[in-house]
Amino acid sequence: RDESRVSSKRLRHVAAEYGLLENKQRISFQVLAASEDFQRGFLQALFTADGSVQGTARKGVSVRLAQSDLPILERVQQMLLNFGIASKLYKERRKAAMKMLPDGKGGSRQYPCRAQHDLVVSKENLVRFRSEIGFLDDRKSARLEKHLAVGARGPYAEHFTAAFSGLVPEGEEEVYDLME
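Structural notes, computed from the coordinates. Since the model is a prediction, treat every value here as computed from it, not as a measurement.

1. Looking at the nonpolar core
With 31 residues, the main nonpolar core has Phe47, Val63, Val76, Leu80, Leu119 and Phe129 as its most contacted residues. Sorting the residues of this core by element identifies α2 (29-32), α3 (36-50), β2 (60-67), α4 (70-82), β6 (116-122), α5 (125-132) and α6 (138-149) as the ones contributing at least two each. Counting residues per element, this core draws most heavily on α4, at six residues. Phenylalanine 47 has contacts with Val63, Leu65, Val76, Leu80, Leu119, Phe129, Phe135 and Lys140, leaving out every residue within four places of it along the chain.

Below is the structure:
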C-alpha cells in the first residue's frame, strides 16, 4: 500500500489542541480559527489524502474532494474561500445504497454506503489552488501541472454571482474593521 503512518506524542498534542481528537470526522472551530499556515497544511494533507485531479483538457479539469459527510465539505469550502479559492458543492453525487465491497476475508458482501458529496475546484480557481494549497503528493501535483500547462489561454474564467432568498433585519451589532 502506498501510505505513510506517523506515531508522535507531539503530533497528538497538536491534534488535541485543535480539537481533532474528540471527533475525527469533523473540522473543529479551532481549525477554522487557526493561522493561515495551519489551515494551508490542513488542506494540503486533506486533499493529498482524499482529493483527486480529474477530467481532460477537452472536457475540463477539476480538483475534487469526495466525502459522505457534507459538513466536512462545507467547512473545507469555507477554508478555501479564506485563500480566495471558490469551489462548488455537489450534494448526493452518488445516492446512498447497498454496494458489494470487499469483506476483508478474501470475498465480498453487501454493505450499506452513505450518500457521497463532491467539492469541486475548477476553471481559474485551479491556478489559485495550485499556488495557495497544492498537494503534498508528487503524482497529484504533476497531474495538476500537466493539465494546467495544456492550452495557450489557460483555464476558463470563473464568473461569480450570488443570490440570497431574503434579508431579515435582526437588530444592530457593533462592528470593528481591523487590518492585519
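Continuing now.
2. What about the packing of aromatic side chains?
Tallying each qualifying case throughout the model produces two aromatic pairs. Here phenylalanine 47 and phenylalanine 129 contribute two aromatic rings whose centre-to-centre distance is 5.0 Å and whose plane-to-plane angle is 70 degrees, an arrangement assigned as edge-to-face. Placement of the pair is phenylalanine 47 in helix α3 and phenylalanine 129 in helix α5, with a sequence separation of 82 residues. Of the two residues, phenylalanine 47 and phenylalanine 129, neither departs from the other in class, the shared state being buried. Taken together, the aromatic side chains of Phe47, Phe129 and Phe135 make up a single cluster linked through ring pairs.

3. Some thoughts on the pairing of β2
Taking burial as the measure, the eight residues of β2 include six buried ones, the bulk of the element. The hairpin formed by strand β1 (residues 51-56) and β2 contains three residues between the paired strands. Across six bridges, β2 lies against β6 in antiparallel orientation. Bridge pairing links arginine 64 to valine 120 in β6.

4. As for the sheet that holds strand β3 (residues 88-94)
Spatially, four strands are ordered β1-β2-β6-β3 in an open sheet, and the strand pairing comes out antiparallel. Both outer strands of the open sheet, β1 and β3, are each paired with one neighbouring strand and no more. Averaged over all pairs of adjacent strands, the angle between their axes in this sheet comes to 35 degrees, without regard to strand direction. In terms of strand pairing, β3 meets β6 through four bridges, oriented antiparallel. Looking at β6, one finds that arginine 94 is bridged to glutamine 116. Sitting on the sheet, α6 is in contact with β1 and β2, with an inclination near 30 degrees to β1.

What counts and what doesn't
Residues numbered from 1 in each chain as written. Predicted model: local features only at pLDDT ≥ 70, side-chain atom pairs only at ≥ 80, totals over all residues. Heavy atoms only, no water. Core = buried A, V, L, I, M, F, W, Y, C linked by side-chain atoms within 4.5 Å. Buried < 20%, exposed > 50% of the residue type's maximum accessible area, 1.4 Å probe, protein only. Helix = DSSP H or I, 4+ residues; strand = E, 2+ residues; numbered from the N terminus. Contact = heavy atoms within 4.5 Å. Phe/Tyr/Trp six-rings, centres within 6.5 Å; stacked < 30°, edge-to-face > 60°. Pairing = 2+ DSSP bridges. Axes fitted to C-alpha atoms, helices over the stretch in contact; angles between N-to-C directions.

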